[in-house]
Amino acid sequence: MNTEFMEALTALEAEKGISKDVLLEAIEAALISSYKRNFNTAQNVRVDINRETGSIKVFARKTVVEEVMDSRLEISLDAAKAINPNYMIGDIVESEVTPRDFGRIAAQTAKQVVTQRIREAERGLIYDAYIDKEEDIVTGIVQRMDARNLYIDLGKVEAVLPAGELMPGDQFRQGDRVKSYITKVENTSKGPMITLSRTHPGLLKRLFELEVPEIFDGIVEIKSVAREAGHRSKIAVWSRNPEVDPVGACVGPKGARVQAVVSELRGEKVDIINWSENVEEYVANALSPAKVVDVEIFEEEKVARVIVPDYQLSLAIGIRGQNARLAAKLTGWKIDIKSESQAEEEFGRPKSNDDDWLNLSEQ
């Protein structure tokens, strides 16, 4: 190695952020192994690289002892004092043993070490960049696919989109652009491993954050999300500013904002409801578009008994129980839905007129 190599390490430090001293220490450690392997020796050696010129020297290190048991590792006190009278028992005596053709071995070793460290540094930079994007949306290109995964090119790294994290109806081909949600970023021996999802509720939340300026600015907050990917979702929103309607902000002018989200989710229906500190009101809102007559809360069981008009029962429950199931996920309460007729039979509750139902979502 020479001064040009040292200048290259300096440039590498500036460009890749890899410390020159760290690289040189790694090269020195690798050269010790190379020396022992190539010259078939068990000597205890030290490799020194001159930080200015790049010249390399190998020194054999021997411990000063009274009686030599292994001449490769030890030197007698008399022999040590012949070199320097100041040596004492336990001191280390060094002598240069640099082979004549060691430069070629050193160059190969240095190249391997530098290449490895550059690769590790680049992996580290990619990991640092994407660990900050965990729970965020990225757009990539389908690179390849197999029975279990889609492999998405994000530019500097390839991410994995498992088949189980695809929405019903998702059909991608090689070269298609796909927007996904980063669920996990791991630092493995082969580099950063990024796992994506298109079914995660976080995808819906982040899409609204991108489409609705009021959410991005912190005026409107998404309090909860419940999602059955590809079919239907519900989000509960709340406004810090009483003058800003959170539902209206998410819907947007002529429904443009929510429609942009729905389009990205391939037609997935999205219900946007007002969040409320009042549990009765919140549960009633969550069952939208069904009208609710009354809500009774049982705190210990974490159950909300909801009464709806007879003609609203199927709407409140939803197809295969979907509306009730999503409302329960959204609120965190188990919801027991009864029609007015059922409530009258089971609890003796008087049936209201159709026009007298209490729509708690409007309170």
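Quick look at the structure, then.

Parameters and conventions
Residues numbered from 1 in each chain as written. Predicted model: local features only at pLDDT ≥ 70, side-chain atom pairs only at ≥ 80, totals over all residues. Heavy atoms only, no water. Pairing = 2+ DSSP bridges. Helix = DSSP H or I, 4+ residues; strand = E, 2+ residues; numbered from the N terminus. Axes fitted to C-alpha atoms, helices over the stretch in contact; angles between N-to-C directions. Contact = heavy atoms within 4.5 Å. Core = buried A, V, L, I, M, F, W, Y, C linked by side-chain atoms within 4.5 Å. Buried < 20%, exposed > 50% of the residue type's maximum accessible area, 1.4 Å probe, protein only. Phe/Tyr/Trp six-rings, centres within 6.5 Å; stacked < 30°, edge-to-face > 60°. Expected span 1.5 Å × (residues − 1). Parallel < 35°, antiparallel > 145°, perpendicular 65-115°, else oblique. Nonpolar A, V, L, I, M, F, W, Y, C, P; charged D, E, K, R; others polar.

### Things to note about the sheet that holds strand S13 (residues 294–298)
Phase 1: Taking strand neighbours across the sheet as the criterion, the three strands line up as S13-S14-S15 in an open arrangement whose pairing is mixed. Only two strands of the sheet have a single neighbouring strand rather than two, namely S13 and strand S15 (334–339). Within this sheet the neighbouring strands show an average axis-to-axis angle of 20 degrees, counted without direction.
Phase 2: Bridge count between S13 and strand S14 (residues 303–308): five bridges; the pairing is antiparallel. Bridging across to S14, Ile 297 finds its partner in Ala 304.
Phase 3: Seen against the sheet, helix H9 (residues 279–286) touches S13, S14 and S15 and runs at an angle of roughly 125 degrees to S13.

### As for the nonpolar core
Phase 1: The biggest cluster of nonpolar side chains holds 24 residues, and the ones touching the most others in it are Val 295, Val 306 and Ile 337.
Phase 2: Every element with two or more residues in this core is listed here: H9, S13, S14, helix H10 (313–317), helix H11 (322–331) and S15.
Phase 3: Counting 23 residues, the second largest nonpolar core, distinct from the first, contains Met 167, Leu 203, Val 258 and Leu 265.

### What to know about unusual backbone geometry
Phase 1: At the junction of Ser 288 and Pro 289, the peptide bond is cis and its omega measures out at 15 degrees in the coordinates.
Phase 2: Looking at the secondary structure, you find Pro 289 in the loop between H9 and S13.
Phase 3: In the Ramachandran plot, Arg 266 falls in the positive-phi region, its phi being about 55 degrees despite a non-glycine side chain.
Phase 4: Mapped onto the secondary structure, Arg 266 falls in the loop between helix H8 (256–264) and strand S12 (269–274).

### Examining the packing of aromatic side chains
Phase 1: Under the definition given, this model contains two aromatic pairs.
Phase 2: Look at Trp 238 and Trp 275: their rings are 6.3 Å apart centre to centre, the planes differ by 80 degrees, and that puts the pair in the edge-to-face class. Linking Trp 238 in strand S11 (residues 232–239) with Trp 275 in the loop between S12 and H9, this pair joins segments that are 37 residues apart in sequence.
Phase 3: Note on Trp 275 and Tyr 282: the rings are 6.3 Å apart at their centroids and 65 degrees apart in plane angle, and the pair reads as edge-to-face.
Phase 4: You can call Tyr 282 buried: its relative accessible area is 8%.
Phase 5: These aromatic residues form a ring-pair network of at least three members: Trp 238, Trp 275 and Tyr 282.

### Let's talk about helix H4 (residues 102–131)
Phase 1: In this model H4 runs 43 Å from its N-terminal to its C-terminal C-alpha over 30 residues, within 8% of the 44 Å that 1.5 Å per residue would give.
Phase 2: Where H4 is concerned, the buried positions are Phe 102, Ile 105, Ala 106, Thr 109, Ala 110, Val 113, Val 114, Ile 126 and Tyr 130.
Phase 3: Packing partners of the buried residues in H4 comprise helix H1 (3–16), helix H2 (20–38), strand S2 (56–65), strand S8 (177–188) and strand S9 (191–197).

### Side note on the environment of Leu 287
Phase 1: Looking at the element boundaries, Leu 287 is found in the loop between H9 and S13.
Phase 2: Taking the C-alpha atoms as reference points, Leu 287 and Gly 318, separated by 31 residues in sequence, lie 9.3 Å from one another.

### With respect to the pairing of strand S10 (residues 220–228)
Phase 1: Examined bridge by bridge, S10 and S11 share eight bridges and lie antiparallel to one another. Looking across to S11, one finds that Ala 226 is bridged to Lys 234.
Phase 2: Taking the residues between adjacent antiparallel strands as the criterion, S10 and S11 are bridged by three residues, where Gly 230 takes a positive phi near 85 degrees.

### Some words on the packing of H1 against H2
Phase 1: Interhelical geometry of H1 versus H2 gives an angle of 130 degrees and a closest axis separation of 9 Å. In terms of their interaxial angle, H1 and H2 are classed as oblique. Contacts between H1 and H2 involve Phe 5, Met 6, Leu 9, Thr 10, Leu 12 and Glu 13 from the first element and Lys 20, Leu 23, Leu 24 and Ile 27 from the second.
Phase 2: Each residue belonging to the contact of H1 with H2 can be placed in one class, and the counts come to seven nonpolar, one polar and two charged.

These results come straight from atomic positions and should not be treated as a statement about function.
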